[in-house]
Every structure is written in C-alpha cells, then in structure tokens.
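A look at the structure
Here is how the chains run, residue by residue.
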Amino acid sequence: MANYSIKFLEHKNRLANFNKLDKTLQDFIEQKAFEYRLSFQDLKALVDIAIDLNMWQEGSLADIWEDRGSRKETIKALKSKYEEIKLKPKSYSSFRAIKGTKKFKIEERERDTLGFGQCPVASEKTRCCNLLTLDAVESCGFDCSYCSIQSFYNEGKVVFDTNFKERLKALKLDKNRYYHIGTGQSSDSLMWGNRGGVLEALFEFARENSNVILELKTKSDNIDYLLKNDIPKNVITTWSLNPQTIIDSEEHFTASLEKRIESARAIANKGNLVGFHFHPIIVYENYLSEYREIIERLLKLFTPQEVAMVSMGTLTFIKPVIKKLRDRNFATKILQMPFENASGKLSYPIELKKEMFSSIYNMFKPWQKEVYFYLCMEEHSLWRDIFGYEYESNSEMEEDMISSYLEKIRLIDS
C-alpha cells in the first residue's frame, strides 16, 4: 500500500487536470486507483473521460463505472460506455452553455515583421486554395469552442501592430500575378472595426493593388465602417454561418445568425460581393434540417451574382487543440463526436463527411452553376464525391477560384 501511495502521488502530480475535477470525483478516482492499482495511463484515461463527460454535460465518470473484478475488464467496460456516449447523436436540447464574460487585454505594439504568409493549416495532404493570410490583428475576442486560434496565441491577449499600415504599404507584390489574401485566420476580420486604422489600411491596400482579392471573414455584425465608406470592389466580405443552436452553445460572443445575414445583405446592397462559409459544419440531432433553413433563407435573400463563394468544411483537430480544450474544462459538446484519422489530423469519418457535404451542396442547387463552391482543407477524393470533379493540384484549385472571383468582380464593377 505504501509503495502504491508514492506511485499514485507521482501519477496525480503529472495529471494537471486531476485537480480541475470536483472533490467528490477526485476521491472516487483515488479510491478506484488504490483498489485496482491503476497505472498512469489508466488514470490519464479516467481523468480525460471525467473531463469530457463534464464538458458535454453527460453525467459523471462515477455514473458509468461498473466494477468487473479485474482491472482490465473494469477499464474496458468503462471505455466502452464512454464511447457509446461519445458516438451517439449529440443533442443540445438540454445543454446549458456557460459563456462567462469577455476577458481579454488589448495590447498595441510594433511587430518585427508584417504577418503575411501562407495559410497556417495549408497542406498538400488535403485540397487547399493556397490562401495567403494577413495578420492584421493577433488573437480573437470571440470564444468559439472549436477555434484553434487559442493554440497559436496567448489566451486573453489581443495584439494590434502599431506599424501595420506602414508595413502593408511597403509590401512588394508581383504585379504580374493575382493574390487571394484573407485577414480572418488570426482574428475575426470585422470584430474590431477600424480600431488602429486596420480597415482603412486594408482598403487603401486593396485600392492600390487591383491584382489582390482581399477577403474579410467574420462572425460579426460590426459593419459600421464598411457602410460609411466606399468598399473597394476587390474586397469580398464573407460570413461564417451556423445554426443558432450552435451559435448559442459553441460560438460565444459572436453575432446571431440573423445579424450575420442582415449584415451580409447590407454589404450586398452597397454593390459589393459577399460569401458564406459553412465551416465548421457540426453534426447533432436534426442538424441538416437547421442548415436547410439557413440555406433557404440565403437563396431567398441573395442572387447568385452577389455571392462570390460558398465553402464547406467541418471539425478537424490536431492533438494539441484537443488537449487545450480539455485543459479549459468548460461547457462544450464539440469533442462529443466520432474521430478518424484525416490526413494526420482527427475529424469525422469519411462517410459522414460525404453525407453532410453532399446534403448541403444539394440544398444549394439553384446556385451551383453561378457560385464558386469548394471544400476547405478536405481530402482530395471528396471533391469527386460531392461535386463530380476534382483538382489535380492545389495550384489548379487556386487558379480556378481566383478566376471565378475575378469574373464576379468584373461583373459588379461594370
């Protein structure tokens, strides 16, 4: 007993999330650890399961524990019950989101370099549009459960580059090629409005570089600056859309679905192109019926001539992001989903992806010949299953996408 007491203490000290469990559950795990002489890996599995069940609001580890006599059979039975809960269609009907309060510190400082480069998740393993990203702001004040930004930047700190305008003006681009540049990868493109002169600098950059297609991607309704100023025609404003169920439960502090659509309509009314990202599509009870309601609304409110693109994508994680979510131990059902290897990352099984993407694409049938549709960072083979064709390379996709956008820009500019 004494030897295991020392070993258990060592195990517990290595498990940072153990102390995030309530005291009753800590005592329960400790009791079972001594009863079955649980290894470090056993204890890590128990803590992860306990954290997940708490986050998902699916009961407690103690609720699904069943003593089977031996350590091996008991742990096996526990993991089996956990998997049943994980794989069942998740429901938000009784889920209670706990948003907390917005807590972030604004920091203004001069960066060493302009944050300009390849999309941070670009890969040859999946079909990618070769988007270039411009970090106008670092980190985001929204708090979407699934967001990976929290893995790249310090939580609670939002950084503005005091020299952004000057560095952007000094950026040298090849006048003989076209560029698709997005500002929505390191932060929300519109949440901050023109704070720090960011939008003013971006609009000036777009006007001076007609070979640039600048995309502002957002979950915000903060469009005041856009409404009060001329938007260059080569600026496309795009909204990430999800059912209000997901917005309420997982996209904390973002604008409502209604506000996002109203904002897109207001920008289209000014004669500028808009776009819509169904990314991430999240599977839960009756999810397709709720996505259908959004799409029917878009088809009614917008013409295909006003819409540059519709993208589709879904939840895809790297292990550090999953660890970060568990470390936060907050209310979310995001990780309550089946995981399969997806080009070195973790995502939904391929057959489920085929169902979600083909269903949503088919809902957009009236736009299919006039709007550019694409899958964001998905396996090459899915393109043929969903669209009936696939690109040979990322460069081919990039060229086709830019060509489609340019044609739309010329039409609205004529």
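Shown above is the structure to which this text applies.
Each residue is numbered by its place in its chain's sequence as written, counting from 1. Two thresholds apply to this predicted model, a pLDDT of at least 70 for residue-level local features and 80 or more for giving and counting side-chain atom pairs, whereas whole-chain, interface and lining totals are computed over all residues. The basis for the side-chain values is all heavy atoms of the structure; hydrogens and waters are excluded.

Side note on the sheet that holds strand β15 (residues 345-347)
- Should DSSP find at least two bridges between two strands, the strands are regarded as paired. Where helices and strands are cited, they refer to DSSP runs of H or I of at least four residues and of E of at least two residues respectively, numbered from the N terminus. Reading across from one edge, β13-β15-β14 is the order of the three strands in this open sheet, with antiparallel pairing throughout. Both edges of this open sheet fall to β13 (316-317) and β14 (340-342), since each of them pairs with a single strand only.
- Pairing of β13 with β15, which is carried by two bridges, proceeds in the antiparallel orientation. Residue pairing in the sheet places T316 in a bridge with S347 of β15.

Notes on the pairing of strand β6 (residues 157-161)
- Where burial is concerned, most of β6 is hidden: four out of the five residues are buried.
- Of the pairings in the sheet, the one linking strand β1 (residues 105-109) to β6 comprises five bridges and is parallel in character. The residue bridging E108 from the neighbouring strand is F160, located in β6. With a 1.4 Å probe rolled over the protein chains alone, any residue whose accessible area is under 20% of its type maximum counts as buried; one over 50% counts as exposed, and the rest are partly exposed.

Focus on unusual backbone geometry
- A cis amide bond, omega 10°, links H279 with the succeeding residue P280.
- Tracing the backbone through its elements, the reader meets P280 in strand β11 (residues 274-281).
- Phi at N286 takes a positive value of approximately 60°, unusual for a residue other than glycine.
- Checked against the element boundaries, N286 lands in the loop between β11 and α12 (287-301).
- Classification of N286 as exposed rests on a relative accessible area of 59%.
- The phi angle at M377 is positive, at roughly 60°, despite the residue not being glycine.

A few points about the layout of surface pockets
- Definitions used throughout: a 1 Å grid over protein atoms alone; a cavity as a set of points that fits a 1.4 Å probe which cannot get out; a pocket as an open set with protein on both sides within 12 Å along at least five of seven lines; a lining residue as one with an atom within 4 Å of a point. Grid points are joined across faces, edges and corners, and a volume is the space filled by probe spheres set on the points. Put simply, the second largest pocket is a space of about 370 Å³.
- Taken together, 17 residues line the second largest pocket, and the ones lying closest to its centre are K44, D48, I322, K323 and R326.
- For the lining of the second largest pocket, the secondary-structure elements that each account for two or more residues are α3 (40-56), α5 (71-87) and α13 (319-328).
- Looking at the lining of the second largest pocket, the element that brings in the most residues is α13, giving five residues.

Everything listed here is a matter of coordinates, which is why it stays silent on function.
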